[in-house]
Amino acid sequence: MRHVSCVVSSCPGLRLMGCSKWRAALNLGHLRVQSKLSVFFTMIILFTYLFYCLNGYCDSLPRPVYDQQSNHQNKITLNDGASQQEKITHNASQVFREQMSDFSDGSSDNISIANTFGSKKFPQAIIIGVKKGGTRALLEFLRIHPDVRAVGSEPHFFDRFYDKGLDWYRNLMPRTLEGQITMEKTPSYFITKEAPRRVFSMSRHTKLIVVVRDPVTRAVSDYTQTLTKSPGLPSFQNLAFRNATTGLIDTTWSAVRIGIYAKHLENWLRFFPLSRLLFVSGERLVTDPAGEMGRVQDFLGLKRVVTDKHFYFNQTKGFPCLKKPEGSSRPRCLGKSKGRPHPQIPSEVLHRLRDFYRPFNLKFYQMTGHNFGWD
């Protein structure tokens, strides 16, 4: 007050206002300054917040506990550095999903509950063939393994959609953690001329699996599948022979052409050494699924998790099925399209077809170093 009185007495204009009016004016000035400062600092805080959000730092701000946990799971997407506990959680989720799902021809990708874990990679292993050889059974058996992540449907990238580019292809793959294998299967790759070069261009280290079956039985199975879609199809013998009288085989018919395994294998061996290929017996996959799965797991560098304890033979379907998992109401078998009864083919037709395949089979045995016993 002494200071205010001094100021008032020294200024005639202020003397007329009096001390009370001076105080009111002074307080009003302070309020205006404080208001401007508040707005100024608020704007600074707001712009700072926006700057950090745009640069991705807002995730560090406190959130509700549930939101933090959800965000933590979504952020564990690095290929390297995932903790062991995270991997255990992921694997447990995958096994749960695998055990509770049923087999089907068009089964979807094996996306586990923790489907944001890991990263998408190009497949380290591909089931490249052959059609009606047992590729679906092999893939479904492999998907039991916690370290195998596979696309359920057939991508057909290296034969139909190669022009879409490798980024498109990789985006189709499921997420994997370190130590897990990404896989896909497209049986038509084996007979596609351009496929070996294209796969090699992606990675020369890709492991290739070919499921082969007696080419005569395979041709009949192929025909049976086509017949269900096109009931008006000509008879098997009419399609198999160019000239029924001479017995000349029509190698342009895909059901026949696919079974000339030696010819298709030569194309792949131009780009990949034999050590990068594994040949799985379609017959043994039925009679001894655990034994054949042991070979596959060894080839992929996996621990032998899928064993005989997982299988039982379904007499009705004529195929092995997976035993009922604990907590599940029914066993898992391949879809209705598997195990169809074949039409009756004249024995003379089958005999001629077997004679046609014999030299190709022998060459295939020699190339692979394995006698599949088809003759």
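So, how was this worked out
Residues numbered from 1 in each chain as written. Predicted model: local features only at pLDDT ≥ 70, side-chain atom pairs only at ≥ 80, totals over all residues. Heavy atoms only, no water. UniProt positions renumbered as here; feature names shortened; annotations may be inferred. Helix = DSSP H or I, 4+ residues; strand = E, 2+ residues; numbered from the N terminus. Contact = heavy atoms within 4.5 Å. Polar contact = N/O pair within 3.5 Å; in protein donor to acceptor, adjacent residues only side chain to side chain. pLDDT = per-residue confidence, 0-100. Core = buried A, V, L, I, M, F, W, Y, C linked by side-chain atoms within 4.5 Å. Buried < 20%, exposed > 50% of the residue type's maximum accessible area, 1.4 Å probe, protein only. Pairing = 2+ DSSP bridges. Axes fitted to C-alpha atoms, helices over the stretch in contact; angles between N-to-C directions. Salt bridge = Lys/Arg side-chain N within 4 Å of Asp/Glu carboxyl O.

Looking up the protein chain in an unreviewed UniProt entry gives the name Sulfotransferase, with the organism given as Pagothenia borchgrevinki. According to its UniProt record, the protein chain has this under Sequence similarities (unreviewed entry): "Belongs to the sulfotransferase 1 family."

Trainee: Residues and numbers for unusual backbone geometry, please.
Mentor: Residue valine 130 is bonded to the preceding glycine 129 through a cis peptide linkage, with omega at -5°. The phi dihedral of lysine 132 falls on the positive side, at around 60°, and the residue is not glycine. Mapped onto the fold, lysine 132 is located in the loop between strand 2 (125-129) and helix 5 (135-142). Residues other than glycine seldom take positive phi values, yet histidine 156 does so here, at roughly 55°. Assignment of secondary structure puts histidine 156 in the loop between strand 3 (148-150) and helix 6 (166-172).

Trainee: Can you lay out the environment of glutamate 266 for me, pointing to particular residues and giving the numbers?
Mentor: The topology assignment puts glutamate 266 in helix 11 (residues 261-269). Along the backbone, glutamate 266 and methionine 367 are 101 residues apart, and their C-alpha atoms lie at a distance of 8.8 Å. In contact with glutamate 266, not counting residues within four places along its chain, are Lys363 and Met367. Polar side-chain contacts of glutamate 266 include one of 2.5 Å to the side chain of lysine 363.

Trainee: I'd love a proper account of the confidence of the model for the protein chain, names of residues and values included.
Mentor: Per-residue confidence for the protein chain gives a mean pLDDT of 79, with 67% of residues at or over 70. Across residues 1-17 the pLDDT falls below 50, and counting only partners more than four positions away or on other chains, this stretch makes 11 contacts in the model.

Trainee: Provide a residue-level description of the nonpolar core, including the pertinent values.
Mentor: Counting residues in hydrophobic clusters, the biggest one holds 29 residues, and the most contacted among them are Phe158, Trp268 and Phe364. Those elements giving two or more residues to this core turn out to be strand 2, helix 7 (195-202), strand 6 (207-212), helix 11, strand 9 (277-281) and helix 14 (347-368). Per-element tally for this core: the top contributor is helix 11, with four residues. Not counting residues within four places of it along the chain, the set of residues in contact with tryptophan 268 comprises Ile128, Tyr189, Phe190, Ala195, Pro196, Val199 and Leu208. Listed in part, the 26 residues of the second largest apolar core include Ala137, Ile144, Met293 and Val296.

Trainee: Let's hear about the sheet that holds strand 3: which residues, and what values?
Mentor: The parallel open sheet is built from five strands, whose spatial order is 3-5-2-6-9. The open sheet has two free edges, formed respectively by strand 3 and strand 9, since each of these has just one partner strand. Strand-to-strand twist in this sheet, taken as the mean axis angle between neighbours without regard to direction, amounts to 25°. Pairing of strand 2 with strand 6, which is carried by four bridges, proceeds in the parallel orientation. The residue bridging isoleucine 126 from the neighbouring strand is leucine 208, located in strand 6. Along the sheet, helix 13 (residues 289-299) makes contact with strand 6 and strand 9, crossing strand 9 at roughly 170°.

Trainee: Describe the pairing of strand 2, naming the residues involved and giving the relevant values.
Mentor: With five of five residues buried, strand 2 lies mostly within the body of the structure. Where strand 2 meets strand 5 (residues 181-185), three bridges bridge the pair, whose relative direction is parallel. Residue pairing in the sheet places isoleucine 127 in a bridge with lysine 185 of strand 5.

Trainee: Tell me what's going on with the pattern of salt bridges, and back it up with residues and numbers.
Mentor: For the structure shown, the criterion picks out 16 salt bridges. For glutamate 140, the salt bridge goes to arginine 136, with nearest N and O atoms at 2.9 Å. You can see glutamate 140 and its partner arginine 136 sitting in helix 5, four residues apart, about one turn around the helix. Comparing glutamate 140 with arginine 136 shows no difference in burial state: the two are buried. A salt bridge links arginine 352 to glutamate 348; the nearest nitrogen and oxygen atoms lie 3.1 Å apart. Taken together, the residues arginine 352 and glutamate 348, both in helix 14 and four residues apart, mark about one turn of the helix. Classification of arginine 352 by relative accessible area gives partly exposed; the value is 28%. The structure contains a network of salt bridges with shared partners spanning Arg284, Asp288, Glu292 and Arg295.

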